[in-house]
Amino acid sequence: MQITGIETFLVAPRWLFLKVSTDEGIAGWGEPVVEGRAGTVRAAVHELAELVIGKDPLRIEDHWQVLRRGGFYRGGPVLSSALAGFDQALWDIAGKARNAPVHELLGGPVRDRVRVYSWVGGDRPSGIFNAVSAQVERGFTAVKMNVAGPLGPIATPAEAQAALARAREAREALGPDRDLAIDFHGRVSPAMARRLVKMLEEVQPMFVEEPVLPELSADVVKSVVEASTVPIALGERLFSRWEFKPVLDAGVAVVQPDPSHAGGISELRRIAALAEVYGANLAPHCPLGPISLAAALQVAFATPNFLIQEQSLGMHYHDGREPVAYLADDALFRFVDGYAARPTAPGLGIEVDEEAVRRADETGHAWRSPVWRLPDGSLTEW
């Protein structure tokens, strides 16, 4: 079998899909994208395509090494995301060629179903109690939320108390038998992160995500870890096992590589194995489309130290365009009691509606990350 073609599709609301075709009629799908930089990643995908055209798609690890190490400059969000899309698509082809779901090729399932969580509240969180209650009614046993919008370097007491009040609302709606995850989105300074995680201990979060920017020193991450008993999660803006080691050394409890950013299925497996050495768990970041989520679920079923899976159905970024709109069958994403059932279809376990994808690409999109400013006009983290 040989790879004969590479196609990319800009798909609203903010995604990029990749189709890898072969001379035996088997095609694989991937989702290589950086949110807000889909066109940049698209260019990288087509530049890297020359390294795989005409090659055997089943040599997945060899392709991963060549795509990552074949250039003198490597890594970073754009190249790692382009690599991730190829890796997902090649695993999809391998599963289809062998008539097996990817998780069976990764060693077989270690669980029968995968727990997922749902997002509430948006970027400027509000209406938390009602939003969480609605997810509980849908059967979810865990939700994630931002507790604050834009924040200055040191939040006022009122801002800090407002963040805590939102978390209390969520906990009240969830009760003691369900889980709450809290995302800081890198919006707070190290000093403020240490204060807030300590305040949030009373609601007993499952984890607090990205309390500080990932590019800061591992010593800073360690100081936040040691500031409270709250488990700290990090990793949506880290792209390889080499980048995860310092934060694991710093004591994070949960790693969150993204299947569309961190080198795909192959690297997620290696990051999870590295985390296992530290007693840390895997909870892949995944606010993107259906191919990315399908890839994450395949990893989850084969990973012993998996914790919970993010998914984006109903997410505030979608503007009414749900991931299942690009699938011929949404069975894999019909969650029951907050769990995804084990996929049995070959490859990634989904069938992409290619006609819908091609129609979407005719319009494309130009989604960009918001730019936030503080009252004094200075830039702050989104």
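Residues numbered from 1 in each chain as written. Predicted model: local features only at pLDDT ≥ 70, side-chain atom pairs only at ≥ 80, totals over all residues. Heavy atoms only, no water.

(A) Broad picture of the overall build of the protein. A count of helical and extended segments in the protein gives 12 helices and 14 strands. The globule rule puts the C-alpha radius of gyration for 382 residues at 21 Å, and the 20 Å found for the protein is close to it. The C-alpha extent of the protein, read off along each of the three principal axes, is 65 × 45 × 45 Å. Contacts in the protein between residues far apart in sequence, at least 24 positions, make up 72% of those at least 6 positions apart. (Helix = DSSP H or I, 4+ residues; strand = E, 2+ residues; numbered from the N terminus. Rg over C-alpha atoms; globule rule 2.2 N^0.38 Å. Contact = heavy atoms within 4.5 Å.)

(B) Structural detail: helix α9 (residues 241-249). Those residues of α9 not exposed but buried are Phe244, Val247 and Leu248. The buried residues of α9 all sit within an arc of 100° when viewed along its axis, so they share a single face. Of the surrounding elements, those touching the buried residues of α9 are β8 (232-234), β9 (254-255) and α10 (264-277). Residue glycine 251 follows α9 closely and has a positive phi angle near 105°. (Buried < 20%, exposed > 50% of the residue type's maximum accessible area, 1.4 Å probe, protein only. Arc of directions from axis to C-beta.)

(C) Main features of the side chain of aspartate 87. You can see aspartate 87 is positioned in helix α3 (residues 76-97). Dropping the residues within four chain positions of it, aspartate 87 is found in contact with Ile60, Trp64, Gly263, Gly264, Ile265 and Ser266.

(D) Examining the pairing of strand β6 (residues 179-183) more closely. Burial analysis of β6 places four of its five residues in the buried class, the great majority of the element. In the sheet, strand β5 (residues 142-146) pairs with β6 via five bridges, with the strands oriented parallel. Bridge pairing links lysine 144 to alanine 181 in β6. Examined bridge by bridge, β6 and strand β7 (residues 207-209) share three bridges and lie parallel to one another. Across the sheet, aspartate 183 pairs through a bridge with glutamate 209, a residue of β7. Between the parallel pair β6 and β7, the chain is carried across by helix α7 (residues 190-199), and the sense of this crossover is right-handed. (Pairing = 2+ DSSP bridges. Right-handed = clockwise from strand over helix to strand, strands pointing away.)

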